[in-house]
Amino acid sequence: MKVVILKDAAEVAAYGAEIFKKQLLKKPDSVLGLATGSTPVALYNELIKLNQRGDISFKQVKSFNLDEYLGLEGDHPQSYRYFMNDKLFNHVDIDKAQTQVPPGNAEDPVAACQVYEQAISDAGGIDIQLLGIGRNGHIGFNEPSSSLASRTRVKTLTKATIDDNARFFAEGEYQPHLSITMGIGTILESKKVVLLATGESKAEAIKATVEGPLTAACPASALQMHKDAVLIIDEAAASELSDPEFFKHIEQENQKLEDKLAR
Ligand SMILES: N[C@@H]1[C@@H](O)[C@H](O)[C@@H](COP(=O)(O)O)O[C@@H]1O
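The name an unreviewed UniProt entry assigns to the protein chain is Glucosamine-6-phosphate deaminase, from the organism Gilvimarinus algae. Entered under Function (unreviewed entry) in the UniProt record, the comment concerning the protein chain runs "Catalyzes the reversible isomerization-deamination of glucosamine 6-phosphate (GlcN6P) to form fructose 6-phosphate (Fru6P) and ammonium ion." One UniProt comment on the protein chain, placed under Pathway (unreviewed entry), says "Amino-sugar metabolism; N-acetylneuraminate degradation; D-fructose 6-phosphate from N-acetylneuraminate: step 5/5."

The next point concerns the overall build of the protein chain. Looking only at helices and strands, the protein chain has 8 helices and 10 strands in total. Over its C-alpha atoms, taken along the principal directions, the protein chain stretches across nearly 55 × 40 × 35 Å. Split into buried and exposed, the 263 residues of the protein chain put 50% on the buried side. Across the protein chain, the fraction of contacts at a sequence separation of at least 24, relative to all contacts at a separation of at least 6, is 78%. Charged side chains of the protein chain number 28 positive and 37 negative; the gap between the two group centres comes to 6 Å.

As a packed pair, helix H2 (residues 41-52) and helix H3 (residues 80-87) sit with axes 10 Å apart at the nearest point and diverge in direction by 40°. With respect to each other, H2 and H3 are oriented oblique. Contacts from Val41, Tyr44 and Ile48 in H2 reach Phe83, Met84 and Lys87 in H3. Taken together, the residues of the contact of H2 with H3 break down into 5 nonpolar, no polar and 1 charged.

Residues in contact with the ligand amount to 13 residues; listed here are only the nearest, Ser38, Thr39, Asp67, His138 and Lys202. In the environment of the ligand, a nitrogen atom lies 3.2 Å from a nitrogen or oxygen atom belonging to the backbone of glycine 140. In isolation the ligand exposes 390 Å². Once the protein is present, 94% of that is buried. Here the shell around the ligand is built from residues that sort into 3 nonpolar, 7 polar and 3 charged.

The strand order across the open sheet built from 3 strands is S4-S8-S7, with neighbouring strands paired in antiparallel fashion. Unpaired on one side and paired on the other, strand S4 (67-69) and strand S7 (153-156) mark the two borders of the sheet. In this sheet, neighbouring strand axes are inclined to one another by 30° on average, regardless of whether the strands run parallel or antiparallel. Where S7 meets strand S8 (residues 178-181), 4 bridges bridge the pair, whose relative direction is antiparallel. Within the sheet, the bridge partner assigned to arginine 153 lies in S8 and is threonine 181.

Now for unusual backbone geometry. Cis geometry marks the peptide bond from glycine 212 to proline 213, where omega comes out at 10°. Positive phi values are uncommon outside glycine, yet serine 145 reaches one of about 95°. Structurally, the position occupied by serine 145 is in the loop between strand S6 (128-131) and S7. For serine 145, a relative accessible area of 60% puts it in the exposed group.

Before going further, it helps to spend a moment on the pattern of salt bridges. Throughout the structure, instances matching the rule amount to 15 salt bridges. The partner of aspartate 127 in a salt bridge is lysine 27, with the nearest N and O atoms 2.8 Å apart. One end of the pair, aspartate 127, is in the loop between helix H4 (109-122) and S6; the other, lysine 27, is in the loop between helix H1 (9-26) and strand S2 (31-34), and 100 residues separate them in sequence. Close ionic contact of lysine 49 with glutamate 46 constitutes a salt bridge, the shortest N to O distance being 3.5 Å. Taken together, the positions of lysine 49 and glutamate 46, both in helix H2 and 3 residues apart, correspond to about one turn of that helix. You can call lysine 49 partly exposed: its relative accessible area is 44%.

What counts and how
- Residues numbered from 1 in each chain as written.
- Predicted model: local features only at pLDDT ≥ 70, side-chain atom pairs only at ≥ 80, totals over all residues.
- Heavy atoms only, no water.
- UniProt positions renumbered as here; feature names shortened; annotations may be inferred.
- Helix = DSSP H or I, 4+ residues; strand = E, 2+ residues; numbered from the N terminus.
- Buried < 20%, exposed > 50% of the residue type's maximum accessible area, 1.4 Å probe, protein only.
- Contact = heavy atoms within 4.5 Å.
- Lys, Arg positive; Asp, Glu negative; His and termini not counted.
- Charge placed at Lys NZ, Arg CZ, Asp CG, Glu CD.
- Axes fitted to C-alpha atoms, helices over the stretch in contact; angles between N-to-C directions.
- Parallel < 35°, antiparallel > 145°, perpendicular 65-115°, else oblique.
- Nonpolar A, V, L, I, M, F, W, Y, C, P; charged D, E, K, R; others polar.
- Near = heavy atom within 4 Å.
- Polar contact = N/O pair within 3.5 Å; in protein donor to acceptor, adjacent residues only side chain to side chain.
- Areas by Shrake-Rupley, 256 points an atom, 1.4 Å probe, with all protein chains shown as cover.
- Pairing = 2+ DSSP bridges.
- Salt bridge = Lys/Arg side-chain N within 4 Å of Asp/Glu carboxyl O.

This is the structure in C-alpha cells:
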C-alpha cells in the first residue's frame with residue numbers, strides 16, 4: 001500500500017484530484033467508484049473546477065457510489081444520492097443516468113444489492129474507487145466485523161458511526177440505522193483504490209489500516225491485500241504512524257523517479 005503524507009486537507013484534495021484527472025485523461029469512459037462523507041468534498045470541488053475549465057470531462061463516465069442509507073428517498077437531503085447530486089453531479093458534465101447510488105428506498109433491499117453487484121460487473125468493474133474512512137476503520141458502511149470477502153449487502157451501523165454522522169441530521173430528525181453498502185470484497189476488486197483521510201480523529205484508524213494486523217476489526221486494513229491502493233493523508237491523520245518519515249522518503253524517491261522518466 002502506498003502512503004502519501006501531505007501538509008493539510010487542501011493538499012490531500014489536490015493530490016487526489018490529480019489522480020482522478022490522470023485516470024479520466026487516460027480513459028475517458030472510466031467507471032468511477034465514489035464516496036460520501038465530508039472528506040471527499042474538497043476533492044469534488046477540485047474536479048468541478050477542472051471540468052468547468054475544460055481540463056477533464058465526465059461525459060462518458062459511469063459511476064457507482066459505495067453506500068446509501070436504507071429508508072431514505074433519493075431526494076432526502078441526508079441521502080447519499082442527494083449528497084452526490086449536490087456536491088458533484090449537478091456541477092459537472094456527467095450523464096446522471098449513468099450515475100448509480102444503492103437504492104435506499106428499495107422494496108426488496110436484498111435483491112437490490114444483487115442487482116447493484118451485477119451492474120458493477122456489467123460495467124466492466126470499477127477502474128478507480130475513492131474512499132474515506134470512519135474513526136473505527138470502516139470503509140463504505142463496512143463496519144468492524146464485516147467479512148473481508150463481503151459483497152454489496154444490507155449493513156447495520158454501529159453506534160459510533162451513527163453518532164459520528166448525527167451532525168448531518170437535524171435534532172429529532174429520523175436517522176437510519178441500516179444501510180446498503182458495497183462489500184469489502186467488492187471494493188477490493190476495483191482496479192485502483194484511493195483513500196483520503198484528514199484530521200487527528202482519523203489517526204488511530206490510519207495506524208490500524210497501515211500497520212495492521214489484517215483484521216475485520218479494522219475493515220480498511222483489507223487494503224493491505226490490494227495491489228494498487230494509495231492512502232492520501234494529512235500530517236494529523238498520519239500522527240499515530242510509527243514511521244511517517246519513511247513514507248515521506250518513499251514519496252520523494254518516487255517523485256525523483258517520475259521527474260527523471262518525464263525528461
Ligand atoms: N459511509 C460514510 C463513509 O464512506 C465515510 O468514509 C465516513 C467518514 O466520513 P467523514 O469523511 O465525514 O469523516 O462517513 C460515512 O460513514
